[in-house]
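Commentary on secondary and tertiary structure
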Amino acid sequence: MKPCYDNVAWGQVKNGWGKLNRSNATTSDVIFKDIRPAGEFSKIFIQSKTSDHRTKLIGGDTWRVYVRGPSSVAATVFDHNNGTYEALFLITETGVYKLLIYLDYSLCDGFKDPPRDWFIKGNSQGKYQKEGLLGTLDDYLKQPFKNGSDLKINVPQAKMNMTLADKIRQQPCPYACNHLWDGFGQWTNDTWQPYLDATELYNWSLPASKYRRSGTLSVYGDSLGLRLFGSLNSRDLCKKLFLNCTNSYNFLYPMTDDRRMQNDDLDFMPEKILEGIRSVLGRPEMQLQDSVLLLNLGLHYPVSVNFTTYQKVMADVIHILKETEVNSQGNKIPKYKAKFIWKSTTAICKHKGTTPQGTDARFMTTQRVLLFSAFAMSAMCQAGFDVIDVYPLTDSYPGGGLDVVHYADKVFVTMETLLEKYKTHNNQRLVTSEGKERFRRCTG
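Residues numbered from 1 in each chain as written. Predicted model: local features only at pLDDT ≥ 70, side-chain atom pairs only at ≥ 80, totals over all residues. Heavy atoms only, no water.

Helix and strand counts for the protein come out as twelve helices and 19 strands. Evaluated residue by residue, the protein yields a buried proportion of 53% over its 444 residues. The contacts of the protein with a sequence gap of at least 6 include a subset with a gap of at least 24, amounting to 77%. Accessible area of the protein: about 19900 Å², with a carbon and sulfur share of 52%. (Helix = DSSP H or I, 4+ residues; strand = E, 2+ residues; numbered from the N terminus. Buried < 20%, exposed > 50% of the residue type's maximum accessible area, 1.4 Å probe, protein only. Contact = heavy atoms within 4.5 Å. Areas by Shrake-Rupley, 256 points an atom, 1.4 Å probe, with all protein chains shown as cover.)

Right under this line is the structure:
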């Protein structure tokens, strides 16, 4: 974000940041590769260049890098603000891998906020703006590196027999986070393998003794939450562990069929979101310590509002979740008794869209979705809430989504198993070994 912090206003073009200086994936180069043994972080460096082969000295590009082979993982890309981009990834399986590299945006176009009146120009949910409202759009590049030519690497056998937890045990911890699951891992044989705790997850089953069902699980979110709710309803989590499972479906505001396409000329009203959350939390079945609110405010926000607005919404939501009241003994206690879990949003597959330069989806970019998701995760971590990060899980999935935003239910099976394990431990985060626990808390 740093290279673009002062270059996100719609229509703003900084001196030297015009279209002639857009990067081009065909002319750009991989200038450095450091491929380490299995179980160690590897990296490559990309040097961005313009279509006429000029070496870029500024940042602002959106590169996606995937590693496909015996395992599959999405690399984390760092913008060094000098025309170079570092793609960092961890592979634990030896073998030959292919690097799939794509350039989505250049010149900070992937971070751009909507115009000030964007929400007003949409419907009551700030959606479906009129085609052509922003003029002719050509900033979504979707360019494969070197026209899609093969770029292969070989990941050799590890030289030392050390676990990942052992390798990071002595590393400094920047800050702690109550990760129920950090989301870090890789796909192998169409199965998600967390870097830590894979054995505990896959060998786990319901307790042999009879479990007393208790509490309500409320899944609060958009269509991703609705799909997750449907999947959870078929599992032991809702059939044998919770007394009841419910769903609250939202775009930005709570959704009803008659309001999906309703038009108005109103601006964004965050109080509607806060009222919706309060309404769910205030239900009698949610005023129990055995109940859980699984919460996400995700993919519709980058589409409809600017980043500053989203930051304020998250601050207000956290304030609600932390509200207190005074009991009969004069002590401050939490106003809402349910346990809260924040679930991150998923990665998007914008390249699967039918209208890649469409007006209404202009601001649903990989970079904005990741920015909003990362900020929310950080804010919830700092507020002390339990969090589940599914962004890396979906970003690494080799088949991608069913469409731009949705994934097959099987992609989330491991996360759903985690929730069942969490419930049987009285809605408490599980603590394993010191090394694993320290890794989980330090990977924010």
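Scanning the model with the defined rule gives eight cavities of 30 Å³ or more in all. Of the pockets and cavities examined, the second largest cavity occupies roughly 100 Å³. Leu224, Arg227, Leu228, Lys343, Thr346, Val390, Tyr407, Asp409, Phe412 and Met415 are the residues that line the second largest cavity. If you tally residues by element for the lining of the second largest cavity, the top one is helix H4 (residues 223–233), at three residues. Across the lining of the second largest cavity, the residue classes tally to six nonpolar, one polar and three charged. (1 Å grid on protein atoms, 1.4 Å probe; cavity = no way out; pocket = protein on both sides within 12 Å on 5 of 7 lines; lining within 4 Å. Points joined across faces, edges and corners; volume = space filled by probe spheres on them. Nonpolar A, V, L, I, M, F, W, Y, C, P; charged D, E, K, R; others polar.)

Moving on, we get to the pairing of strand E3 (residues 62–68). With respect to burial, E3 is a largely interior element, seven of its seven residues being buried. With seven bridges connecting them, E3 and strand E7 (residues 95–105) associate as antiparallel partners. Within E7, the residue paired with Trp63 across the bridge is Leu103. Sheet topology places E3 next to strand E4 (residues 72–74); three bridges connect them, and they run antiparallel. From the neighbouring strand, Tyr66 faces E4, where its bridge partner is Ala74. (Pairing = 2+ DSSP bridges.)

Once that is clear, we can look at the state of the cysteines. In the structure shown here, the tally under the stated rule is three disulfides. Sulfur-sulfur distance for the disulfide between Cys4 and Cys108 comes to 2.1 Å. Here Cys4 and Cys108 share a disulfide; its torsion about the S-S bond, -85°, makes the bridge left-handed. With Cys4 in the segment before strand E1 (29–34) and Cys108 in the loop between E7 and helix H1 (118–121), this residue pair connects regions lying 104 residues apart in the sequence. Assigned by exposure class, Cys4 and Cys108 land together as buried. Here Cys177 pairs with Cys381 through a disulfide, and the sulfurs are 1.8 Å apart. (Disulfide = S-S within 2.5 Å.)

Between side chains of opposite charge, a pair can form when the charged atoms approach closely. Taken as a whole and assessed by the stated rule, the structure comprises 23 salt bridges. The salt bridge partner of Asp6 is Lys14, with a shortest N-O separation of 3.5 Å. The class of Lys14 is partly exposed, set by a relative accessible area of 25%. Lys335 is the salt-bridge partner of Glu323, the closest N and O atoms lying 3.6 Å from each other. Taken together, the residues Glu323 in the loop between helix H8 (307–321) and strand E16 (324–326) and Lys335 in the loop between strand E17 (332–334) and strand E18 (339–343) connect sequence positions twelve residues apart. (Salt bridge = Lys/Arg side-chain N within 4 Å of Asp/Glu carboxyl O.)

What follows concerns helix H9 (residues 366–382). If you check H9, its first and last C-alpha atoms are 24 Å apart, about what 17 residues at 1.5 Å a residue would give, namely 24 Å. Counted residue by residue, H9 has twelve buried out of 17 residues, so it is predominantly covered. Of the positions making up H9, those classed as buried are Thr366, Gln367, Arg368, Val369, Leu371, Phe372, Ser373, Ala376, Met377, Ala379, Met380 and Cys381. After H9 finishes, the residue Gly384 shows a positive phi value of roughly 90°. (Expected span 1.5 Å × (residues − 1).)

For residues that are not glycine, phi is negative in most cases, and the peptide bond is trans in most cases. Of note in this structure, Tyr128 is not a glycine but carries a positive phi near 60°. By the secondary structure assignment, Tyr128 is in the loop between H1 and strand E8 (143–144). Unusually for a residue other than glycine, Asn147 sits at a positive phi of about 60°.

Let's shift gears to the packing of aromatic side chains. Enumeration over the complete set of coordinates arrives at 18 aromatic pairs. Residues Tyr253 and Phe268 carry aromatic rings whose centres are separated by 6.2 Å and whose planes lie at 0° to one another, so their mutual orientation is stacked. With Tyr253 in the loop between strand E14 (244–249) and helix H6 (270–281) and Phe268 in the loop between E14 and H6, the pair connects residues that are 15 residues apart, well separated along the chain. The class of Tyr253 is buried, set by a relative accessible area of 1%. Looking at Phe268, the relative accessible area reads 14%, which means it is buried. One aromatic cluster in this structure is built from Tyr301, Phe307, Tyr310, Phe372 and Phe375. The cationic tip of Lys322 hangs over the ring face of Phe385; the distance from NZ or CZ to the ring centre is 5.4 Å. (Phe/Tyr/Trp six-rings, centres within 6.5 Å; stacked < 30°, edge-to-face > 60°. Lys NZ or Arg CZ within 6 Å of the ring centre and 35° of its normal.)

Looking at the secondary structure, you find Asn247 in strand E14. The sequence separation of Asn247 and Asp222 amounts to 25 residues, and the corresponding C-alpha distance is 9.7 Å. Once residues within four sequence positions are removed from consideration, Asn247 is found in contact with Val219, Gly225, Leu226 and Phe229. Of note is the side chain of Asn247, whose polar atom sits 3.0 Å from the backbone oxygen of Val219. (Polar contact = N/O pair within 3.5 Å; in protein donor to acceptor, adjacent residues only side chain to side chain.)

The relative placement of two packed helices comes down to the angle between their axes together with the axis-to-axis distance. Here H6 crosses H8 at 25°, and the two axes come no closer than 10 Å. The orientation of H6 relative to H8 falls into the category roughly parallel. Both H6 and H8 take part in a crossing whose hand is right-handed. Two secondary-structure elements touch here, H6 through Pro270, Leu274, Ile277, Arg278 and Leu281 and H8 through Val313, Asp316, Val317, Ile320 and Leu321. Residues belonging to the contact of H6 with H8 are distributed by class as follows: eight nonpolar, no polar and two charged. (Axes fitted to C-alpha atoms, helices over the stretch in contact; angles between N-to-C directions. Parallel < 35°, antiparallel > 145°, perpendicular 65-115°, else oblique. Left-handed = near helix turned anticlockwise from the far one by under 90°.)

Everything listed is a geometric property; what it means functionally is a separate question.
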